[in-house]
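Remarks on the overall topology
For reference, the chains in residue letters:
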Amino acid sequence: MKVGVVGASGFTGGELCRLVSAHPEFDLVTATSREYANKTVGSVHPNLRGLDLRFSHPDDLDDLDVLFVAAPHGVTMEHVEEYRDIADLVVDLSADFRLDSEEQYDEWYDGHSAPDHIPDGVYALPELHREELAGANLIASGGCNATATILGLKPLADAGILDGADVTVDVKVGSSEGGAGGGAASSHPERSGVVRPYAPTGHRHEAEIEQELGVQVGFTAHAVDMTRGAAATCHVYPEEVPGTGDLWQAFRECYEDEPFVRLVAGSGGVYRYPEPKAVAGTNYADVGFELDERNGRVVVFSAIDNMMKGSAGQAVHAANVALGIDEQAGLEFDGLHPVGAP
Amino acid sequence: MKVGVVGASGFTGGELCRLVSAHPEFDLVTATSREYANKTVGSVHPNLRGLDLRFSHPDDLDDLDVLFVAAPHGVTMEHVEEYRDIADLVVDLSADFRLDSEEQYDEWYDGHSAPDHIPDGVYALPELHREELAGANLIASGGCNATATILGLKPLADAGILDGADVTVDVKVGSSEGGAGGGAASSHPERSGVVRPYAPTGHRHEAEIEQELGVQVGFTAHAVDMTRGAAATCHVYPEEVPGTGDLWQAFRECYEDEPFVRLVAGSGGVYRYPEPKAVAGTNYADVGFELDERNGRVVVFSAIDNMMKGSAGQAVHAANVALGIDEQAGLEFDGLHPVGAP
Amino acid sequence: MKVGVVGASGFTGGELCRLVSAHPEFDLVTATSREYANKTVGSVHPNLRGLDLRFSHPDDLDDLDVLFVAAPHGVTMEHVEEYRDIADLVVDLSADFRLDSEEQYDEWYDGHSAPDHIPDGVYALPELHREELAGANLIASGGCNATATILGLKPLADAGILDGADVTVDVKVGSSEGGAGGGAASSHPERSGVVRPYAPTGHRHEAEIEQELGVQVGFTAHAVDMTRGAAATCHVYPEEVPGTGDLWQAFRECYEDEPFVRLVAGSGGVYRYPEPKAVAGTNYADVGFELDERNGRVVVFSAIDNMMKGSAGQAVHAANVALGIDEQAGLEFDGLHPVGAP
Amino acid sequence: MKVGVVGASGFTGGELCRLVSAHPEFDLVTATSREYANKTVGSVHPNLRGLDLRFSHPDDLDDLDVLFVAAPHGVTMEHVEEYRDIADLVVDLSADFRLDSEEQYDEWYDGHSAPDHIPDGVYALPELHREELAGANLIASGGCNATATILGLKPLADAGILDGADVTVDVKVGSSEGGAGGGAASSHPERSGVVRPYAPTGHRHEAEIEQELGVQVGFTAHAVDMTRGAAATCHVYPEEVPGTGDLWQAFRECYEDEPFVRLVAGSGGVYRYPEPKAVAGTNYADVGFELDERNGRVVVFSAIDNMMKGSAGQAVHAANVALGIDEQAGLEFDGLHPVGAP
Amino acid sequence: MTECVECGAEVSLHEDLEVGEIVDCDTCGQELEVVDTEPPVLDRAPELDEDWGE
Amino acid sequence: MTECVECGAEVSLHEDLEVGEIVDCDTCGQELEVVDTEPPVLDRAPELDEDWGE
Ligand SMILES: NC(=O)c1ccc[n+]([C@@H]2O[C@H](COP(=O)([O-])OP(=O)(O)OC[C@H]3O[C@@H](n4cnc5c(N)ncnc54)[C@H](OP(=O)(O)O)[C@@H]3O)[C@@H](O)[C@H]2O)c1
Ligand SMILES: NC(=O)c1ccc[n+]([C@@H]2O[C@H](COP(=O)([O-])OP(=O)(O)OC[C@H]3O[C@@H](n4cnc5c(N)ncnc54)[C@H](OP(=O)(O)O)[C@@H]3O)[C@@H](O)[C@H]2O)c1
Ligand SMILES: NC(=O)c1ccc[n+]([C@@H]2O[C@H](COP(=O)([O-])OP(=O)(O)OC[C@H]3O[C@@H](n4cnc5c(N)ncnc54)[C@H](OP(=O)(O)O)[C@@H]3O)[C@@H](O)[C@H]2O)c1
Ligand SMILES: NC(=O)c1ccc[n+]([C@@H]2O[C@H](COP(=O)([O-])OP(=O)(O)OC[C@H]3O[C@@H](n4cnc5c(N)ncnc54)[C@H](OP(=O)(O)O)[C@@H]3O)[C@@H](O)[C@H]2O)c1
Ligand SMILES: [Zn+2]
Ligand SMILES: [Zn+2]
């Protein structure tokens, strides 16, 4: 299948190029960049030095089977007609088609310029939307913080444990979440070693979380010193505190057949709970929990690589589902150990 | 004044040596280590290479004005008679004398072997106990996570905002919190780049927090990739949501005369909220907050250097108060910028 | 093919498990650990959680086609009879069979306990020994610093540019080079952020370098803040200074058909020269150079992942060659971008 | 004394503000920034939040006793008349007045626009120019890499060991060396975890090194993952190899009375040789060496904090000497332990 | 096949199991002590906490 | 006062010195073994190398 990537000079765009070019069913034929047009993809992404491909301008897109768009919010809604014309399947990584209604965009973003296409957009997480994804032709890949949160809380939502519960989500993310641009705050001297509240309140991912889980959460995100990775710690105070057995059952029911969600909790050794470096480079979401009986609290941990399960990997996974390909195709990498701060 | 440090080869003990030796009123005459006895203090702590002092054995302590004890939990309670005999003022950095009653030790620790001395112990934070500290002769320096939490939430407690509120504390800490020992989990390859839940529930600092604030909190601590620093994010859902003005007033009332607590919130630039690297090496606690009206939540951020305000700095500050010395003596360092992951 | 790994709980052993289990021709049937016998491999190596295998004791090795040994120096020489009995091909990652003669072991190590097997050992780098490797049954995988150095300097050696030249090699390595054990010097607080001379002179890899290149080098290694990776900067003062064209020719002649050596020099963008993070997780050695006409110096840069090209990857590559399998089998991963400090 | 800082919003300018404001003889009255004029100094430098000072525009400089200029190369030469008019002592941190002659500027930089002032400039290192500094009124603070190199090699130069020797200098530096600006290459995701050759050959600090030591060196600089710090490893092949005793004598003679140079070599423990994190935040240069008898090589290690001994600290030290103040005034901080990657 | 007391998943056990041996559950990772062998009975193994200064 | 065999600086020694004790030179940091006490004689202490995989 002929596959293109818009925004290929960016971080998620580069990750898509990596995944698509190693995918057994995909051929990477187009990778766009305005800034680096005509340069080799490897000149920007050193891991793709072996790729025999140069960036082209996004105005020069040709017919494709699949088009991944990894541009800032707003770009896809502006070009959606054109993109859907060019490609049978458009997978967008921005927030442009994640929410179900124009009203939600008005509330959380700056309005929507292509509202007619909103109903076609399917939220990409196969763990929640596997059936709607089959045959979809406009897919909206989720936000990375939202993905970590949704996957962590989904079992509790399904088991009714979130009904009436107070839920706080405290997220820690790496610097790649900011994309390849980056101003003073993301320069190495300022960004190294931080535990920096960057979205104390009002994070727009709350909209997706609420939509997907049906629960309102208090959400705060912190930048920490890693490049890849997002970790969500969800503090849940249920109306009725469940037992550990109930929790295991809820998590296992939800995920035992999921190829990309692993339960990690209570194990011995160094890696007892989900943590982002254990999933770096992979499409896994590791989720786990602990019961705090004293305080009537369930603590859920969820860890993903924001470049993978949090964006490019999720997008390819959803495309696989939509196209009826083996779900795990192109997403087999299991990660590294030891690994520092990937 | 003649000052000694027990446990001087450890992390907080080394920090105490640094502070004491540069303190205008203190003379560092004794620094104990069993492992490094007779070696220069500088051979373990490279920043103290200029110090003309060798470690001595803790069995050889002589008369002192002040004795700081930076040994693991249990050591001070075992030697407390001896220490108080030797020194007019004993400042202990462990948890041995932090709690008000033997019952609390039975609940949270493994019992207490010198319960008669418990009533004499004064919790070290001058922001809460300045008056009791004056003239104290047994001081219990607080836990670092507890300190960050207590200082963050104190203004809300004083203003009644915590009454009936749900409170969750999500802490991120550096590797020096584990002390100078360290097994596999704290080796560089395993510990780098982590966001690792290390105390998901049941952290013993809950006891101190509850004692000092009168409120029960759901507490979870994560190891992150820095060496010095502890950051507490406190998510508070008050019964009645205060306004931003009320919050500012609560924080200012609490801290406007405090030399070591700074309010940091809403400022522009890169450093808008408290973060540990901005206080590294200093005795400051930076505290700030943000109101989440949508979710009826107050988010409080608190950042300290666990080696300073979280242990050695707090201990010296308390000693200054107890001895009637200028509170800030020996604690004037303002930190560095830029600084990476200190 | 049935493949086993001795020392599988260690860093290079874990990497071998990862590579072998994903290798199209290999079946990982045995992974030994004395400390973790009967525990799942995934309990130590979180990236291998999906592997359905438990550690066994090294005394319980059964018949195998290939045995990789990733134990400390000395273990293989002690067990070499047994290992060669059990497996048709033994690939050792230690230094036990790297040097050509017993005399060299006496000079650089503490003597050799199985000198009869020394002649059978083939140094693993296919770039230098592809022909001897075909059909070998005892392979000695090279040292990581030596590998980086040898691959960097080989083109100059072949082109005669090293004859009579002064050569200094200044190496920077990550913390995984020290293996999974680790004392105080490799604890996170002490090891973070270092530029620490750890082998100023007399590094034992000089022996391999001299043997493979026929040139004596002044060698110094520094620990720097990364987990994976070794970078060698080779400062060469040739008797006669070559031109840039000569240098390109030397490097291209040497490596143009090599699947795992890439020439990286003078390119634009951020990644202009070889650097370890661009090869992390891969089996590539990136090599490049710059001519310093003013000082009559050729500077060669060489970067590898010490877990891969510097150990486990090199070992699998050599095994592939020895067994007549596709050289790149199991070694296709191209690395990540962006990536922090992997 | 009334002191001003031009370029106070930058990294070295911020460090100067920190040092000047805590200096017993200095009053920081002016800190310029064009971008942040009228904002508080603390809004850019969070460690200076306690400073009651706002940035002013560099056009509005008033009479001063001392003016430190921490602007990019070229600014001081353009404004030198004005600056010397305003202030009795001008200390420039750029390269504008470091070299002895206009010819050298033509060779290494882009010419000089105020050649008449070149003869007045005194190179700031008191270890080399203490006498000329006394009473100087134009001081040129040295380059950070040059400073590390010069201080490391000076004892060998004085002892004649460099005469006819081959000298290679391999430097590792932190990200603050690039200043507060920073493009893609210094963004956190790209700059983290690097060992990146950034100046393989032709570094302009060679000019200073040659001028100060009278020896030509092959110089290569690498960016590594730290924020503060520069470490120079100097590989020296003397015509006649000295003994260890000769070397100790050379180093001790050179530095035994120097307040800011410490000899660190051969010690036990974790910190055996100079390393940047042990001097972070301080004005120390740690220097040490090892003899490589096998290769006829002397390896010299030198470590500084580029923000301190490599720029702002050196500048204040030189100003202290020029003004006849206690040399160590304002430079007493001894650094931290443990400390991660400062 | 024996159930993990932590998560309820089945734990695969090797043959010559001995009382006192520690195995880990491959679903939840819980360390389990073999308290009986015929039939195998597993209980939570005593935990070794990481030592964190406080 | 005794000279350090590594760097030649004088090493300050405490009183009840014992043979076999290790002290470090405060100039060069060399670990020194006390081989005699009256008068004190110091020699280089055996070094414990960091273990680095290779
Ligand atoms: N980073 C994450 O963790 C993450 C996670 C989930 C979702 N996302 C979403 O993924 C998208 C990309 O994020 P990123 O982090 O990869 O950002 P990025 O690194 O900044 O890359 C964005 C790319 O888009 C291209 N671009 C910008 N404007 C464009 C336009 N008008 N038309 C075509 N191309 C344009 C740019 O390339 P040229 O200027 O060279 O054309 C740039 O390389 C965003 O919508 C983001 O919200 C990111
Ligand atoms: N690290 C933090 O952030 C932090 C914060 C707040 C409070 N604290 C508390 O401060 C204390 C010290 O913590 P740390 O992190 O500095 O630990 P550390 O680095 O492990 O140091 C502890 C020191 O105590 C000495 N020691 C151990 N047992 C002793 C005994 N029986 N008698 C005398 N000395 C003994 C050891 O030295 P020798 O074996 O050489 O004698 C060691 O150097 C602990 O109670 C800790 O909970 C630490
Ligand atoms: N790390 C590198 O970058 C690197 C590079 C090139 C070569 N090497 C070489 O590779 C080898 C392994 O290094 P590493 O870094 O992986 O070390 P490591 O992490 O310390 O692992 C060594 C493993 O060997 C096992 N072991 C120790 N003694 C043994 C014995 N007598 N019999 C059987 N197994 C034994 C240990 O497991 P149990 O105690 O659980 O049995 C341990 O897991 C060394 O020879 C090293 O020089 C390493
Ligand atoms: N970083 C180091 O390690 C280091 C070491 C040794 C020497 N130095 C030298 O120190 C100087 C400053 O370096 P840095 O790293 O501090 O750079 P920096 O962080 O980029 O700061 C430079 C400052 O100069 C100001 N500036 C720029 N152009 C100016 C002009 N025409 N007039 C007045 N002010 C101007 C800028 O502030 P506004 O734009 O806000 O006015 C900026 O804050 C450079 O010459 C550098 O070579 C640096
Ligand atoms: Zn289980
Ligand atoms: Zn000495």
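As recorded by an unreviewed UniProt entry, chain E carries the name Lysine biosynthesis protein LysW and is attributed to Salarchaeum japonicum.

Chain A is annotated in an unreviewed UniProt entry as Putative [LysW]-L-2-aminoadipate/[LysW]-L-glutamate phosphate reductase of Salarchaeum japonicum. UniProt lists a comment for chain A under the heading Sequence similarities (unreviewed entry), and it reads "Belongs to the NAGSA dehydrogenase family. Type 1 subfamily. LysY sub-subfamily." According to the UniProt record, the Subcellular location (unreviewed entry) comment for chain A is "Cytoplasm".

Our focus in this paragraph is the site of ligand 1. Residues and elements named next belong to chain A. Around ligand 1, the surrounding shell holds 27 residues, and the nearest of these are Ser9, Thr12, Ser33, Ala71 and Ala180. Within the side chain of serine 33, an N or O atom sits 2.6 Å from an oxygen atom of ligand 1. Mapped onto the shell around ligand 1, the elements with two or more residues apiece are α1 (11–21) and α10 (308–323). Counted by class, the shell around ligand 1 contains 11 nonpolar, 12 polar and four charged residues.

Our focus in this paragraph is the relation of the copies chain A and chain D. With an RMSD of 0.0 Å, chain A superimposes on chain D once it is rotated by 180° and translated 0.0 Å along the axis. Here the copies are linked by what is in effect a two-fold axis. Take the interface residues of chain A: 100% of them recur as interface residues in chain D, which is what a same-surface contact looks like.

With that settled, consider the packing of aromatic side chains. Going through the model one piece at a time under the given rule, you end up with 30 aromatic pairs over all chains. Arranged with centres 5.0 Å apart and planes meeting at 65°, the rings of A:Trp248 and A:Phe289 form a pair that is edge-to-face. With a gap of 41 residues between them, A:Trp248 in helix α9 (residues 244–255) and A:Phe289 in strand β12 (residues 285–292) connect regions that are remote in the sequence. Summarising the burial analysis for this pair, A:Trp248 and A:Phe289 share the class buried. Here the aromatic rings of B:Tyr105 and B:Tyr109 are separated by 5.9 Å at their centres, their planes lie at 40°, and the arrangement is tilted. The same class applies to B:Tyr105 as to B:Tyr109, namely buried. Members of the aromatic cluster, joined through ring pairs, are A:Trp248, A:Phe251 and A:Phe289. The aromatic ring of B:Tyr284 is capped on one face by B:Arg262, whose charged end is 4.0 Å from the ring centroid.

Taken as a whole, this structure holds 80 salt bridges over all chains when the rule is applied. Note that B:Glu208 and B:Arg98 form a salt bridge whose closest N and O atoms lie 2.7 Å from each other. In this pair, B:Glu208 is assigned in helix α8 (residues 205–213) and B:Arg98 in the loop between β4 (87–92) and α4 (102–108), connecting sequence segments 110 residues apart. B:Arg98 carries the same exposure label as B:Glu208, and that label is buried. Overlapping salt bridges, with partners in common, bring together A:Glu15, A:Arg18, A:Arg228 and A:Asp305 in one network.

Residues and elements named next belong to chain C. Spatial ordering of the open sheet is given by β8-β9-β7-β10-β13-β12-β11, a layout of seven strands whose pairing is mixed. The outermost strands of the open sheet, each flanked by one partner alone, are β8 (195–199) and β11 (261–263). Neighbour-to-neighbour, the strand axes of the sheet open up by a mean angle of 25°, direction not taken into account. Bridge count between strand β7 (residues 166–173) and strand β9 (residues 218–224): six bridges; the pairing is parallel. Residue valine 173 lies in a different strand from β9, and its bridge partner there is alanine 223. Contacts from helix α6 (residues 144–158) reach β7, β8, β9, β10 (230–237), β12 (285–292) and β13 (297–304), with the element oriented near 135° to β13.

Let's shift gears to unusual backbone geometry. Backbone phi values are negative for most residues with the exception of glycine, while trans is the configuration of most peptide bonds. Backbone torsion omega between A:His337 and A:Pro338 reads -5°, so that peptide bond is classified as cis. With respect to the helices, strands and loops of the structure, A:Pro338 is situated in the segment after α10. One non-glycine residue, C:Asn38, lies in positive phi territory at about 80°. Along the chain, the position of C:Asn38 falls in the loop between β2 (27–31) and α2 (41–44). Take C:Asn38: its relative accessible area is 18%, and that puts it in the buried class.

Below, the discussion takes up the site of ligand 4. Residues and elements named next belong to chain D. Around ligand 4, the structure places 27 residues, and the nearest of them are Ser9, Thr12, Ser33, Ala71 and Ala180. Within the side chain of serine 9, one N or O atom sits 2.7 Å away from an oxygen atom of ligand 4. In the environment of ligand 4, an oxygen atom lies 2.9 Å from a nitrogen or oxygen atom belonging to the backbone of phenylalanine 11. Contact with the protein chains covers 84% of the free accessible surface of ligand 4, which is 880 Å². Where the shell around ligand 4 is concerned, the elements lending two or more residues are α1 (11–21) and α10 (308–323). Here the shell around ligand 4 is composed, by residue class, of 11 nonpolar, 12 polar and four charged. Each of two domains, domain 1 (2–120) and domain 2 (144–304), supplies a minimum of three residues to the shell around ligand 4.

Residue and element names in this part refer to chain B. Under the 1.5 Å per step criterion, the end-to-end length of helix α6 (residues 144–158) is 21 Å for 15 residues, consistent within 8% with the ideal 21 Å. At glycine 152, α6 is deflected by roughly 35°, the largest bend along its length, and proline proline 155 occurs up to four residues later in sequence. Buried residues dominate α6, accounting for 13 of its 15 residues. Looking one or two places after α6, you find glycine 160, whose phi comes out positive at around 80°.

What counts as what
- Residues numbered from 1 in each chain as written.
- Chains lettered and ligands numbered in written order.
- Predicted model: local features only at pLDDT ≥ 70, side-chain atom pairs only at ≥ 80, totals over all residues.
- Heavy atoms only, no water.
- UniProt positions renumbered as here; feature names shortened; annotations may be inferred.
- Near = heavy atom within 4 Å.
- Polar contact = N/O pair within 3.5 Å; in protein donor to acceptor, adjacent residues only side chain to side chain.
- Helix = DSSP H or I, 4+ residues; strand = E, 2+ residues; numbered from the N terminus.
- Nonpolar A, V, L, I, M, F, W, Y, C, P; charged D, E, K, R; others polar.
- Least-squares fit on C-alpha atoms with pLDDT ≥ 70 in both.
- Contact = heavy atoms within 4.5 Å.
- Phe/Tyr/Trp six-rings, centres within 6.5 Å; stacked < 30°, edge-to-face > 60°.
- Buried < 20%, exposed > 50% of the residue type's maximum accessible area, 1.4 Å probe, protein only.
- Lys NZ or Arg CZ within 6 Å of the ring centre and 35° of its normal.
- Salt bridge = Lys/Arg side-chain N within 4 Å of Asp/Glu carboxyl O.
- Pairing = 2+ DSSP bridges.
- Axes fitted to C-alpha atoms, helices over the stretch in contact; angles between N-to-C directions.
- Areas by Shrake-Rupley, 256 points an atom, 1.4 Å probe, with all protein chains shown as cover.
- Domains from an automatic or database assignment.
- Expected span 1.5 Å × (residues − 1).
- Bend = angle between axes of the 7 residues up to and from the residue.

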